[in-house]
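Structural description and commentary
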Amino acid sequence: EVQLAESGGGLVQAGGSLRLSCVTSGFPFGDYAIGWFRQATGEEREGVSCISFIDGKILYEDSVKGRFTISSDNARNTVYLQMTNLKPEDTAVYYCAAADFCIFQDALFPYWGQGTRITVSS
């Protein structure tokens, strides 16, 4: 059974840093792409970053480029999102998801974690 579990969320001040973790199980890690999405209150879910273990492709949403870094520990089946210089507009529930390739369309990601909440105070 494919499972994903996010952790690392919390409350931080603007300018602070957090690292999110996505631990996966139940599927061959190399056959998938892992994406990070977020959903702020009253807004639609949007793509944040993605890393593909099929072709090596990495994507970042424009507003997080230079601030967020996606990485992986393949031996632990884990993907990380290192977030620095956090801003109040980064406040959202963050989800990791698995799909066949990296693209910022959540409908194309069949498998999702439960989410972890990030609150950035001003």
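My aim in this report is to walk through the structure given alongside it, one point at a time. These numbers come from a predicted model, not from an experiment.

Section: the pattern of salt bridges
- Considering all chains together, one arrives at six salt bridges under this definition.
- Between Glu46 and Arg38 there is a salt bridge, with its nearest N and O atoms 2.8 Å apart.
- Two residues, Arg38 and Asp90, come together in a salt bridge whose shortest N-O distance is 2.9 Å. Residue Arg38 is located in strand β4 (residues 33-39), and its partner Asp90 is located in the loop between β8 (78-83) and β9 (92-99); the two are separated by 52 residues in the primary sequence. Neither Arg38 nor Asp90 differs from the other in exposure class; each is buried.
- Members of the salt-bridge network, linked through shared partners, are Arg38, Glu46, Arg67 and Asp90.

Points about the packing of aromatic side chains
- Counted according to the given criterion, the structure contains seven aromatic pairs.
- For the ring pair Phe27 and Tyr32, a centre distance of 4.5 Å and an interplane angle of 65° mean the geometry is edge-to-face. Here Phe27 matches Tyr32 in class, with each residue buried.
- Centroid distance Phe37 to Phe109: 4.9 Å. Interplanar angle 80°. Geometry classified as edge-to-face. Placement of Phe37 in strand β4 and of Phe109 in the loop between β9 and β10 (111-112) is noted, with a sequence separation of 72 residues between them.

Thoughts on the state of the cysteines
- Evaluation of the coordinates by the stated rule reveals two disulfides.
- Residue pairing for Cys22: its cysteine sulfur links by disulfide to Cys96, the two sulfurs lying 2.1 Å apart. With the S-S bond torsion at 70°, the cross-link from Cys22 to Cys96 turns out right-handed. One end of the pair, Cys22, is in strand β3 (residues 18-25); the other, Cys96, is in strand β9, with 74 residues separating them in the sequence. Take Cys22 and Cys96: they sit in the same class, and that class is buried.
- Between the sulfur atoms of Cys50 and its disulfide partner Cys102 the distance amounts to 2.1 Å. Disulfide Cys50 to Cys102: torsion about the S-S bond roughly -90°, handedness left-handed. Of this pair, Cys50 sits in strand β5 (residues 46-52) while Cys102 sits in the loop between β9 and β10; the two residues are 52 residues apart in sequence, bridging distant segments of the chain.
- What makes Cys50 buried here is its relative accessible area of 1%.
- For Cys102, a relative accessible area of 5% corresponds to the buried category.

Observations concerning the side chain of Ser49
- Structurally, Ser49 is set in strand β5.
- In this structure Ser49 comes out as buried when scored by relative accessible area, which is 0%.
- Engagement of the side chain of Ser49 in a polar contact is seen with the backbone oxygen of Leu59, the distance being 2.8 Å.
- Apart from residues no more than four positions distant in its own chain, Ser49 is found in contact with Ile34, Gly35, Trp36, Leu59, Tyr60, Ile70, Leu81 and Phe104.

Conventions adopted
- Residues numbered from 1 in each chain as written.
- Predicted model: local features only at pLDDT ≥ 70, side-chain atom pairs only at ≥ 80, totals over all residues.
- Heavy atoms only, no water.
- Salt bridge = Lys/Arg side-chain N within 4 Å of Asp/Glu carboxyl O.
- Helix = DSSP H or I, 4+ residues; strand = E, 2+ residues; numbered from the N terminus.
- Buried < 20%, exposed > 50% of the residue type's maximum accessible area, 1.4 Å probe, protein only.
- Phe/Tyr/Trp six-rings, centres within 6.5 Å; stacked < 30°, edge-to-face > 60°.
- Disulfide = S-S within 2.5 Å.
- Polar contact = N/O pair within 3.5 Å; in protein donor to acceptor, adjacent residues only side chain to side chain.
- Contact = heavy atoms within 4.5 Å.

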